[in-house]
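Chain by chain, the residues run as shown.
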Amino acid sequence: MVAETKTMANSLNLRRMICETNVLSRSDCSAIFSQGSTQVIVSANGPAEVKLRNAESDNSHLEVQYRSNAGLEDIQNRLVESIIKRSFVRVVATSAYSHTAVYVYVQEMTDKGGLLACAINATSLALITSGIELNFTVAAVHCIMCDDGTLILDPDDKQIKRARSSFTFVFDSIAKNTVTSYVHGSFAFEEYEKVVAVCREAVEKIFDFYRKVTLNITKVVTDDS
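Once a new chain begins, its residue numbering starts again from 1 and follows that chain's sequence as written. Only residues with pLDDT of at least 70 are given local features in this predicted model, and only at 80 or more are side-chain atom pairs given and counted; all residues enter the totals for whole chains, interfaces and linings. Here the side-chain values reflect all heavy atoms present in the structure, with hydrogen atoms and water set aside.

**Student:** I keep staring at unusual backbone geometry and nothing clicks. Help me out?
**Tutor:** Trans is the common state for peptide bonds, and a negative phi is the common state for residues other than glycine. You will see that N22, though not glycine, has its phi angle at about 55 degrees, which is positive. The partly exposed category is assigned to N22, whose relative accessible area is 41%. For K176, which is not glycine, the phi torsion reads 60 degrees and is therefore positive. Put simply, DSSP H or I for four residues or longer makes a helix, DSSP E for two residues or longer makes a strand, and each gets a number counted from the N terminus. In this fold, K176 is placed in the loop between β9 (163-172) and β10 (178-185). The buried label goes to any residue with under 20% of its type's maximum accessible area, the exposed label to any with over 50%, and the partly exposed label to all in between, with areas taken from a 1.4 Å probe on protein chains only.

In structure tokens:
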């Protein structure tokens, strides 16, 4: 039997979100997004000319490049790229732009916890403001479970050190179904189900933030503005 999952006071609150769009002059669209002290900048270009080896007869090619703030290429970078691409491959209406490519460049600025979720949310915000046709949007939530079963939503880098298991879930904006997940650590199935439910409830706040950004494209937007 799994013990009842605990929560700490204020442990199920998201950190403060801040977004500024169109910050880069040489890209079709861009967004700089912060969750707490974690910050990512994303630029997107397209539909644009596609390299012959990537051309698809009926769809646009989606290419994602991720760079850490250290600028080093490693396996972790490729993993983050893969997760971001999987999260967005059905988001972009690729069938509307056959024989073209959409290029997404993700640059880590600071990592103070929840970097993958922050990168996915920053990518969504860049694409939302791009004019590229989207089938839907996605948002990501990070949550950890401590040794005593306590859940902490959107933890910072100090809280992450207490994690027994870590969960990042990406949800679609239509039915709030899980699009992608990245999970590691030890947990029971009942604990997994509890974390999914907590993250699905929390993602509504992120989608609300997206809507606020779309209404204030030329402004710096915070989740309490």
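**Student:** Please explain the packing of helix α2 (residues 115-128) against helix α4 (residues 189-214) as it appears in this structure.
**Tutor:** Packed helices, taken two at a time, are described by their axes: the angle between them and the distance between them. Between the N-to-C directions of two axes lies an angle of 0 to 180 degrees, each axis being a line fitted to C-alpha atoms and, for a helix, fitted only over the stretch in contact. For the pair α2 and α4, the least separation of the axes is 10 Å and the interaxial angle reads 30 degrees. Crossing of α2 over α4 shows right-handed handedness. Of α4, the residues touching α2 (which contributes N121, S124, L125 and I128) are I206, F209, Y210, V213 and T214. Residues are sorted three ways: Asp, Glu, Lys and Arg are charged, Ala, Val, Leu, Ile, Met, Phe, Trp, Tyr, Cys and Pro are nonpolar, and all the rest, Gly among them, are polar. Its residues assigned to classes, the contact of α2 with α4 comprises six nonpolar, three polar and no charged. Two helices crossing with the near one rotated counterclockwise from the far one by less than a right angle form a left-handed crossing, whereas a clockwise rotation gives a right-handed crossing. Contacts were defined at the residue level, with two residues in contact if any of their heavy atoms lie within 4.5 Å.

**Student:** Sorry, what's going on with the packing of helix α1 (residues 75-88) against α2 here?
**Tutor:** For the pair α1 and α2, interaxial distance at closest approach is 11 Å and the crossing angle is 45 degrees. The angle between α1 and α2 falls in the class oblique. In the crossing of α1 with α2, the sense of the turn from one axis to the other is right-handed. Contact residues: V80, I83, I84, S87 and F88 in α1; L116, A119, I120, T123, S124 and L127 in α2. Here the residues of the contact of α1 with α2 are counted per class, giving eight nonpolar, three polar and no charged. Comment on the angle field: the value is read as roughly parallel under 35 degrees, roughly antiparallel over 145, roughly perpendicular from 65 to 115, and oblique elsewhere.

**Student:** Would you mind going over the packing of aromatic side chains with me for this structure?
**Tutor:** How two aromatic rings sit relative to each other is given by the distance of their centres and the angle of their planes. Aromatic rings from Phe, Tyr and Trp, taking only the six-membered ring of Trp, are treated as a pair when their centres fall within 6.5 Å; an angle between ring planes under 30 degrees marks them as stacked, one over 60 as edge-to-face, and anything in between as tilted. Applying the stated criterion to the full structure yields eight aromatic pairs. Aromatic side chains F33 and F209 sit 5.9 Å apart centroid to centroid with 45 degrees between the ring planes, which places their arrangement in the tilted category. You can see F33 sitting in strand β3 (residues 29-35) and its partner F209 sitting in helix α4, a full 176 residues away along the chain. The class of F33 is buried, set by a relative accessible area of 0%. The class for F209 is buried, based on a relative accessible area of 2%. Where F207 meets Y210, the ring centres are 5.7 Å apart and the plane angle is 90 degrees; that geometry is what we call edge-to-face.

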